[in-house]
Amino acid sequence: MTYIEVYKICIVISCMLEIYLAFNFYKAFYKIRYYFQSKYKLYIGYFIIVLVNVAMNLRQSNIINIFIAAFLYLLIVLVFFHGKLWDKIIHWLMIFFLAASAEMIFSLLQKLSVDVPVDKAFENEFSMISSILTIKIIYFLMWSIVRSEERFSRNA
């Protein structure tokens, strides 16, 4: 496989994981809308969101990626979940700021561990795959902690 093929596969898997984690985060607080109770409709919606995310990530523009990710997180909570608008906006802000924090943490860790530009580091397939998976693990850990704390505080 060429570098380009591996990169595209990593982006697709990364986007699928990111959107799955967002759905999982919101499921902790809200019920799925009646329209999406059918797994078929839910999966179609999920894959449409993933395709948009993949298309934007393949453009390789960090600015576009940030805005599209924020929009997609908001779209997910507004379209797929039933709940109060204000609560949804609060959780959307939480997930967006956690994602931004995870990206900053990852960037900081990368700068501490190697003194190589990201473009050069990603020429190695293992480095690219492990970096992309690492950022998604950071997302998962941060979102899981907040989700658990938020649910715990609501039940207390």
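Coordinates for the structure precede this section.
Residues numbered from 1 in each chain as written. Predicted model: local features only at pLDDT ≥ 70, side-chain atom pairs only at ≥ 80, totals over all residues. Heavy atoms only, no water.

Asks: Is there a simple way to explain the overall build of the protein in this structure?
Replies: Counting its regular elements, the protein contains six helices and two strands. If you list the helices and strands of the protein from N to C, you get α-β-α-α-β-α-α-α. By residue count, 38% of the 156 residues in the protein fall in the buried class. In the protein, 81% of the contacts between residues at least 6 apart in sequence involve partners at least 24 apart. (Helix = DSSP H or I, 4+ residues; strand = E, 2+ residues; numbered from the N terminus. Buried < 20%, exposed > 50% of the residue type's maximum accessible area, 1.4 Å probe, protein only. Contact = heavy atoms within 4.5 Å.)

Asks: Honestly, the environment of Leu93 in this entry has me stumped. Any pointers?
Replies: Tracing the sequence through the fold places Leu93 in helix α4 (residues 85–113). A relative accessible area of 32% means that Leu93 is categorised as partly exposed. A C-alpha to C-alpha distance of 8.7 Å links Leu93 and Ala70, two positions 23 residues apart in sequence.

Asks: I keep staring at the side chain of Asn53 and nothing clicks. Help me out?
Replies: As for its placement among the helices and strands, Asn53 is situated in helix α2 (residues 39–57). Ignoring sequence-local partners within four residues, the contact set of Asn53 consists of Cys15, Glu18, Ile19 and Leu72.

Asks: Help me out: how do you make sense of a nonpolar patch on the surface in this one?
Replies: Taken together, the side chains of Leu17, Tyr20, Ile129, Leu133, Ile137, Phe140 and Leu141 define a hydrophobic patch exposed on the protein surface, amounting to about 610 Å² of accessible area. Going through the elements one at a time, α1 (3–27) and α6 (125–155) are the ones with two or more residues in the nonpolar patch. At five residues, α6 tops the list of elements feeding residues into the nonpolar patch. Relative to the elements of secondary structure, Ile137 occurs in helix α6. (Patch = residues over 30% accessible without salt bridge, like charges linked within 9 Å, V, L, I, M, F, W, Y side chains within 5 Å. Areas by Shrake-Rupley, 256 points an atom, 1.4 Å probe, with all protein chains shown as cover. Salt bridge = Lys/Arg side-chain N within 4 Å of Asp/Glu carboxyl O.)

Asks: What's the story with the packing of aromatic side chains in this structure? I'm lost.
Replies: Where two aromatic rings form a pair, the distance of their centres and the angle of their planes describe that pair. One pass over the structure, following the stated rule, counts 12 aromatic pairs. With a centroid separation of 5.9 Å and an interplanar angle of 55°, the aromatic rings of Tyr26 and Phe81 are classed as tilted. Here Tyr26 is found in helix α1, whereas its partner Phe81 is found in strand β2 (residues 81–82), with 55 residues between them in sequence. Comparing Tyr26 with Phe81, the two get one shared label, buried. Ring pairs connect the aromatic residues Phe23, Phe25, Tyr26, Phe29, Tyr30, Tyr35, Phe36, Tyr46, Phe47, Phe80 and Phe81, which therefore count as one cluster. (Phe/Tyr/Trp six-rings, centres within 6.5 Å; stacked < 30°, edge-to-face > 60°.)

Asks: Explanation requested: the packing of α2 against helix α3 (residues 62–80) in the structure shown.
Replies: Helix-helix packing is described using two parameters, namely the angle between the two axes and the distance between the axes. Look at α2 against α3: their axes get within 9 Å of each other, and the N-to-C directions meet at 170°. In terms of axis orientation, α2 runs roughly antiparallel to α3. Each of Leu42, Gly45, Tyr46, Ile49, Val52, Asn53, Met56 and Asn57 in α2 lies in contact with α3, whose residues at this interface are Ile64, Asn65, Ile68, Leu72, Leu75, Ile76 and Phe80. Of the residues belonging to the contact of α2 with α3, the class tally is 11 nonpolar, four polar and no charged. (Axes fitted to C-alpha atoms, helices over the stretch in contact; angles between N-to-C directions. Parallel < 35°, antiparallel > 145°, perpendicular 65-115°, else oblique. Nonpolar A, V, L, I, M, F, W, Y, C, P; charged D, E, K, R; others polar.)

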